[in-house]
Amino acid sequence: MSADGELSSILNRRQQINDALENGQEVKHSYRRVNIYTEFHEFSRSEIKDYQATFSKYDVGADGFLDLAELKFMMEKLGAPQTHLGLKAMIAEVDEDKDGKISFREFMLIYRKARAGELESDSGLDQLARLTEINVDEVGVNGAKNFFEAKIEQQLRTNKFHDEIRQEQEEKRRQEEERIMRRQQFQQRAAVFQ
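Residues numbered from 1 in each chain as written. Predicted model: local features only at pLDDT ≥ 70, side-chain atom pairs only at ≥ 80, totals over all residues. Heavy atoms only, no water.

(A) Fine view of the overall build of the protein. A count of helices and strands for the protein gives nine helices and two strands. In the protein, the order of α-helices and β-strands from amino to carboxyl end is α-α-α-β-α-α-β-α-α-α-α. Counting all 194 residues of the protein, 25% fall into the buried class. Sequence separation of 24 or more characterises 50% of the internal contacts of the protein that already satisfy a separation of 6 or more. Working note: accessible area of the protein is about 14,100 Å², and carbon and sulfur atoms make up 51% of it. (Helix = DSSP H or I, 4+ residues; strand = E, 2+ residues; numbered from the N terminus. Buried < 20%, exposed > 50% of the residue type's maximum accessible area, 1.4 Å probe, protein only. Contact = heavy atoms within 4.5 Å. Areas by Shrake-Rupley, 256 points an atom, 1.4 Å probe, with all protein chains shown as cover.)

Below, the structure is given as structure tokens:
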């Protein structure tokens, strides 16, 4: 699809939504699946992987969603228990598809909103985001200074994903070379016994 065609379809969809809203009709949301690393470009690959590990740790049902009970368990383990209504409000704040659960993409929205300062102070989601941030009391002022300097440097890098992917590929190549070397050494030792 050409850029003009894509823009035209977006504008047509926007017009349909506006017309429906003016007539008091409910508008069905449509979502496109996108690469999580592309959509959340403000986070590094390692940060997203860390958030994925946290999400998976509390996704007890392993269904790819945090439901009310799993979110309750998570908040209790993080030391910030919430009321039933508080948990529902947390889900509603990021639940774009209105299914009553938090998908990993919606989970990432919490951290995006936290970085943008869009979360209500002392809300459940704000507490969740703060519990994963650096604690100055634990690491000291120098640790916090180093943390924020590293964050600034990270944001200034233009091609952070490329660097991380290259590092991962180099690590895999190094591991493969080590495996081949061990295999050759084993074969040499085995030849002695034949």
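(B) Up close: unusual backbone geometry. Of note in this structure, Ala-62 is not a glycine but carries a positive phi near 50°. Relative to the assigned elements, Ala-62 resides in the loop between helix 3 (45–58) and strand 1 (65–66). Residue Ala-62 is classed as exposed on the basis of its relative accessible area, which comes to 67%. We note that Lys-98 has phi near 55°; this positive angle belongs to a residue other than glycine. Among the structural elements, Lys-98 can be located in the loop between helix 5 (84–94) and strand 2 (102–103).

(C) How the structure looks around the pattern of salt bridges. As enumerated under the stated definition, the model contains eleven salt bridges in all. Across the pair Glu-176 and Arg-179 runs a salt bridge whose closest N-O atoms are separated by 2.6 Å. Pair noted here: Glu-176 and Arg-179 are both in helix 9 (residues 160–192), with a separation of three residues, about one helical turn. On the basis of relative accessibility, which here comes to 42%, the residue Arg-179 falls in the partly exposed class. Taken together, the shared-partner salt bridges in this structure form one network comprising Glu-39, Glu-96 and Arg-105. (Salt bridge = Lys/Arg side-chain N within 4 Å of Asp/Glu carboxyl O.)

(D) Spatial organisation of the packing of aromatic side chains. Enumeration over the complete set of coordinates arrives at eight aromatic pairs. Taking 5.7 Å as the distance between ring centres and 90° as the angle between the ring planes, the aromatic pair formed by Phe-43 and Tyr-51 counts as edge-to-face. With 4.0 Å between their ring centres and 15° between their planes, Tyr-51 and Tyr-111 make a pair best called stacked. Of the two residues, Tyr-51 sits in helix 3 while Tyr-111 sits in helix 6 (residues 104–116), which places them 60 residues apart along the sequence. Per residue, the accessibility class of Tyr-51 equals that of Tyr-111, and both read buried. A connected cluster of aromatic rings, assembled from ring pairs, spans Phe-40, Phe-43, Tyr-51, Phe-55, Phe-104, Phe-107 and Tyr-111. (Phe/Tyr/Trp six-rings, centres within 6.5 Å; stacked < 30°, edge-to-face > 60°.)

(E) Fine view of the nonpolar core. Counting 27 residues, the largest nonpolar core has Leu-71, Phe-104, Phe-107, Met-108, Ile-110 and Leu-128 as the members making the most contacts within it. Secondary structure elements with two or more residues in this core: helix 3, helix 4 (68–77), helix 5, helix 6 and helix 7 (124–131). Of all the elements, helix 6 adds the most residues to this core, at six residues. Residues contacting Met-108, with those up to four places away along its chain left out, are Ile-36, Phe-40, Phe-43, Ile-48 and Tyr-51. (Core = buried A, V, L, I, M, F, W, Y, C linked by side-chain atoms within 4.5 Å.)

(F) Layout of the environment of Ile-48. Among the secondary structure elements, Ile-48 is positioned in helix 3. Classification of Ile-48 by relative accessible area gives buried; the value is 1%. The residues contacting Ile-48, other than those within four sequence positions of it, are Ile-36, Tyr-37, Phe-40, Phe-43, Phe-104 and Met-108.

(G) Examining the packing of helix 3 against helix 6 more closely. Running from N to C, helix 3 and helix 6 cross one another at 125°; their axes reach a closest spacing of 10 Å. The orientation of helix 3 with respect to helix 6, classified from their angle, is oblique. Of the two possible hands of crossing, helix 3 and helix 6 adopt the one that is right-handed. Between helix 3 and helix 6, the contacting residues are Glu-47, Ile-48, Tyr-51, Gln-52, Thr-54 and Phe-55 on the first element and Phe-104, Phe-107, Met-108, Tyr-111 and Arg-115 on the second. A per-class count over the contact of helix 3 with helix 6 returns seven nonpolar, two polar and two charged. (Axes fitted to C-alpha atoms, helices over the stretch in contact; angles between N-to-C directions. Parallel < 35°, antiparallel > 145°, perpendicular 65-115°, else oblique. Left-handed = near helix turned anticlockwise from the far one by under 90°. Nonpolar A, V, L, I, M, F, W, Y, C, P; charged D, E, K, R; others polar.)

Any functional reading would require information that these geometric values do not contain.
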